[in-house]
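Breakdown of the fold
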Amino acid sequence: MSRAWVGCPAVLVNSDYASTIGAAMCRTPSPDDDRCMNRGIRKLIISALVVVAAVLAPGAAASPAGAAGATASTITVRTATSTTYVVKSTLETAVITLTNTRRALAGCAPLRLNTNLRYAARKHSRYMAVYQTMSHQLPGEPTLGRRITLAGYTRWSRVAENVAAGYSSATTVVRAWMASYGHRRNINDCSLREIGVGVVLRGTRLYWTQNFGRR
């Protein structure tokens, strides 16, 4: 068993959009956030890590979605220090399938794979693997909305993100997200239409990112 903790949702809403990185306004914490934090303290020792679900709303329309599927392959990237980061596309596909199964139970339409969102998710998971930590913004990395746009998912009206680390399967990470109010809210948000998932392995640890988008 590895030491781990569960974080609570961070929600950002852009109240005066002028560009893809306009000023954001934080949501007032709700009683659900307090209950989530208390649950996280009680579950200090679990099998993996899950952190906050972030939601941002600023643009208009998104770029066209990619094909509804992902290649079942593994891609290895080596850095100057010879650390190996492996993209686990079979796990990415499994996460999308499980996510859409959960959405169907909530009465939501299935999410379509978007290759730009997948690129953003993979890049963010790799950042987390490099720093061996979890955050929605790591050193040298743009904010959520900006990095989604830079990945080619432009003129969107809403994006959201779930991240996690340490889970060994798509089933366990989706189950953990569904057990958290904020993460579950992102998964079951019927207004979201597209998804990209990035799963990166560093050593024996998997880093997970879900990026959601709405046109």
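Anyway, here's the lowdown on the structure attached to this text. Quantities reported herein were computed from a predicted structural model and do not represent experimental measurements.

1. So, the pairing of strand β9 (residues 205–214)
One face of the sheet, then the other: side chains in a regular strand alternate in exactly this way. Burial runs high along β9: 8 of the 10 residues are buried. Pairing geometry for strand β8 (residues 194–202) and β9, over 9 bridges, is antiparallel. When the sheet's bridge partners are listed, G198 is paired in β9 with T209. The turn joining β8 and β9, which pair antiparallel and follow one another in sequence, is formed by 2 residues; a positive phi near 65 degrees is taken by G203.

2. Quick notes on the pattern of salt bridges
One pass over the full model with this rule turns up 5 salt bridges. One salt bridge connects R147 with E161, and the closest N-O pair in it is separated by 2.7 Å. Here R147 is found in helix α4 (residues 144–150), whereas its partner E161 is found in strand β7 (residues 158–165), with 14 residues between them in sequence. For the pair R147 and E161, a shared accessibility class is recorded, and that class is buried. Note that E194 and R215 form a salt bridge whose closest N and O atoms lie 2.5 Å from each other. Of this pair, E194 sits in strand β8 while R215 sits in the segment after β9, and the two are 21 residues apart along the sequence. Given the relative accessible area of 0%, E194 is considered buried.

3. Comments concerning unusual backbone geometry
The phi angle at Q132 is positive, at roughly 50 degrees, despite the residue not being glycine. Locating Q132 in the fold gives a position in the loop between α3 (115–131) and α4. With a relative accessible area of 52%, Q132 lands in the exposed category. Look at R155: it is not a glycine, yet its phi comes out positive at around 50 degrees. Among the structural elements, R155 can be located in the loop between α4 and β7. Among the residues examined, R155 registers a relative accessible area of 56% and is labelled exposed.

4. Details of the packing of helix α2 (residues 89–105) against helix α5 (residues 170–178)
Two elements in contact, α2 and α5, have axes separated by 9 Å at closest approach and are oriented at 40 degrees. By the angle between their axes, α2 is oblique relative to α5. Handedness of the α2/α5 crossing: right-handed. Along the contact surface, α2 presents L91, A94, V95, L98, T99 and R102, while α5 presents A170, T171, V173, V174, R175, W177 and M178.

Cut-off values and rules
Residues numbered from 1 in each chain as written. Predicted model: local features only at pLDDT ≥ 70, side-chain atom pairs only at ≥ 80, totals over all residues. Heavy atoms only, no water. Buried < 20%, exposed > 50% of the residue type's maximum accessible area, 1.4 Å probe, protein only. Helix = DSSP H or I, 4+ residues; strand = E, 2+ residues; numbered from the N terminus. Pairing = 2+ DSSP bridges. Salt bridge = Lys/Arg side-chain N within 4 Å of Asp/Glu carboxyl O. Axes fitted to C-alpha atoms, helices over the stretch in contact; angles between N-to-C directions. Parallel < 35°, antiparallel > 145°, perpendicular 65-115°, else oblique. Left-handed = near helix turned anticlockwise from the far one by under 90°. Contact = heavy atoms within 4.5 Å.

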